[in-house]
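# Tertiary structure, described
Each chain is listed here by its residues.
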Amino acid sequence: LTQKPAKAQMGGAGSMAFSVDGRMLAFVWDEGTKTALRTIRIDGGEDRTLGRFESIGRASLSWSPAGTLLAALRDPGGTTRVISVDPRTGSRAEVLDTRGREAWRMEHSPDGAFFAFDELQSINGVHRRQVYVAPAGGGDALRLLDHGDNDSLLGWTREGILFACARTGEIDAWLAPVTSGKLAGEPRLIMKGLGEVTPVGVTSGGDLHFVRRTAMM
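As the structure is a computational prediction, the values presented were derived from the model and not from experiment. (Residues numbered from 1 in each chain as written. Predicted model: local features only at pLDDT ≥ 70, side-chain atom pairs only at ≥ 80, totals over all residues. Heavy atoms only, no water.)

### Side note on the overall build of the chain
- Helix and strand counts for the chain come out as zero helices and 20 strands.
- Classification of the 217 residues of the chain by burial places 43% in the buried group.
- Long-range pairs, those at least 24 residues apart, make up 30% of the contacts in the chain with a sequence separation of at least 6.
- Split by element, the accessible area of the chain, about 11,700 Å² in all, is 51% carbon and sulfur. (Helix = DSSP H or I, 4+ residues; strand = E, 2+ residues; numbered from the N terminus. Buried < 20%, exposed > 50% of the residue type's maximum accessible area, 1.4 Å probe, protein only. Contact = heavy atoms within 4.5 Å. Areas by Shrake-Rupley, 256 points an atom, 1.4 Å probe, with all protein chains shown as cover.)

Okay, structure coming up:
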C-alpha cells in the first residue's frame, strides 16, 4: 500500500477510507481501551493520529471532496456520534448524535454539503437497515425513504443515492434522486439481481464498484 512501511505498533486496524483525490488513507486503530483515528499518505511516511476516542465495535468513515473526514464512532454506552475532523488542522466537531442508532455505512454527497448513512434497526426482532441523510455541517438526520423495506446504502452519485433493496423479492440496486438532501422523486430500479455485495466506492463518473459475496461450498 505504501512505499515505506509504517512503524510496527501494537493494536489492529479497522475501517478504512481513501480520500477523494486518492492521496490519503484514513483508518481506525484499536488500542485496546481507546480507538485512534489515523491518516497516512499512500506514497509512504508515518501515520498521523487525529484523535483518540472511547469507542467500541466498528466505525464508519467518509471523506468530503474538500478533504474533511467524517467518522461515526460508537461509545461503550451504545451512542454513535458522527465527528467531523479536518486533517490539515486537527480541529474536530460533533455533527450528529444518532440517539442510540448505529451508522453502518456513510457517504458524502458529491458537493460535500450532506452525508448519508444506513442504520441497523431491530423491528419486531427482525434486523433491518434504513437510509438517513444529514447536513455535513451539523443538524438533524432525516429518513430518506418512507417505507418498511430493508435498504442498505451503496453510494452517492450526482444523479442521487444508490441503495440495495429486496422490494421485488430479490436484492436489486436502486437510485433515489436527491436535491438539497431530500428525496426529489421516486426511486428507480437500475440493476436487477445485484445480490449480497459490499460497496467499495463510487468513481467521479458515477460508477459503483463493489465486491459480491458468494456462498462457500
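### Regarding the sheet that holds strand β8 (residues 92–97)
- An order of β5-β6-β7-β8 is seen for the four strands of this open sheet, with the pairing classed as antiparallel. Only two strands of the sheet have a single neighbouring strand rather than two, namely β5 (60–63) and β8. Each strand axis lies, on average, 20 degrees off the axis of its neighbour in the sheet, ignoring direction.
- Here β5 runs beside strand β6 (residues 69–74); their pairing, made up of four bridges, is antiparallel. Its bridge partner being in β6, Ser60 is matched across the sheet by Ala72. (Pairing = 2+ DSSP bridges. Axes fitted to C-alpha atoms, helices over the stretch in contact; angles between N-to-C directions.)

### Side note on the nonpolar core
- Core analysis: the biggest nonpolar cluster contains 15 residues, and Val28, Leu37, Leu61, Trp63, Leu69 and Leu73 have the highest contact counts within it.
- Within the residue set of this core, elements represented by two or more residues are β2 (24–30), β4 (48–53), β5, β6 and β7 (80–85).
- With 14 residues, the next largest nonpolar core counts Phe114, Leu144, Phe163 and Val178 among its residues. (Core = buried A, V, L, I, M, F, W, Y, C linked by side-chain atoms within 4.5 Å.)

### Let's talk about the side chain of Asp172
- Mapped onto the elements of the fold, Asp172 is located in strand β15 (residues 172–176).
- Here Gly193 takes part through its backbone nitrogen, which lies 2.8 Å from a polar atom of the side chain of Asp172.
- Not counting residues within four places of it along the chain, the set of residues in contact with Asp172 comprises Phe163, Ala164, Cys165, Leu189, Met191, Lys192, Gly193 and Leu194. (Polar contact = N/O pair within 3.5 Å; in protein donor to acceptor, adjacent residues only side chain to side chain.)

### Section: the pattern of salt bridges
- Within the structure shown, the criterion is met by 11 salt bridges.
- In this structure, Asp47 engages Arg38 in a salt bridge whose closest nitrogen and oxygen atoms are separated by 3.6 Å. Pair check on accessibility: Asp47 and Arg38 agree, each one buried.
- Across the pair Asp118 and Arg129 runs a salt bridge, and its minimum N-O distance is 3.4 Å. A residue pair is termed long-range when its members are at least 10 positions apart, and Asp118 in strand β10 (residues 114–123) and Arg129 in strand β11 (residues 126–135) qualify at 11 residues.
- By relative accessible area, Arg129 is classed as partly exposed at 22%.
- Where salt bridges share partners, they join Glu31, Arg38, Asp47 and Arg52 into one cluster. (Salt bridge = Lys/Arg side-chain N within 4 Å of Asp/Glu carboxyl O.)

### As for the confidence of the model for the chain
- When pLDDT is averaged along the chain, the result is 82; 86% of the residues meet or exceed 70.
- By mean pLDDT, strand β1 (residues 12–18) is the weakest element of the chain at 75, and strand β16 (residues 178–179) is the strongest at 96.
- Contacts for the low-pLDDT stretch residues 1–8, under 50 throughout, to residues beyond four places or in other chains number 15 contacts. (pLDDT = per-residue confidence, 0-100.)

### Observations concerning the packing of aromatic side chains
- Tallying each qualifying case throughout the model produces three aromatic pairs.
- Ring plane angle 75 degrees and centroid distance 6.2 Å describe the contact between Phe27 and Trp29, whose orientation is recorded as edge-to-face. With respect to burial, Phe27 and Trp29 carry one shared label: buried.
- Its end group placed over the ring of Trp174, Arg167 keeps NZ or CZ at 4.5 Å from the ring centre. (Phe/Tyr/Trp six-rings, centres within 6.5 Å; stacked < 30°, edge-to-face > 60°. Lys NZ or Arg CZ within 6 Å of the ring centre and 35° of its normal.)

### What about the sheet that holds strand β18 (residues 188–191)?
- Here we have four strands laid out as an open sheet, ordered β13-β14-β15-β18, and antiparallel in their pairing. Edge positions in the sheet fall to β13 (152–157) and β18, since each of these pairs with one other strand and no more. In this sheet, neighbouring strand axes are inclined to one another by 35 degrees on average, regardless of whether the strands run parallel or antiparallel.

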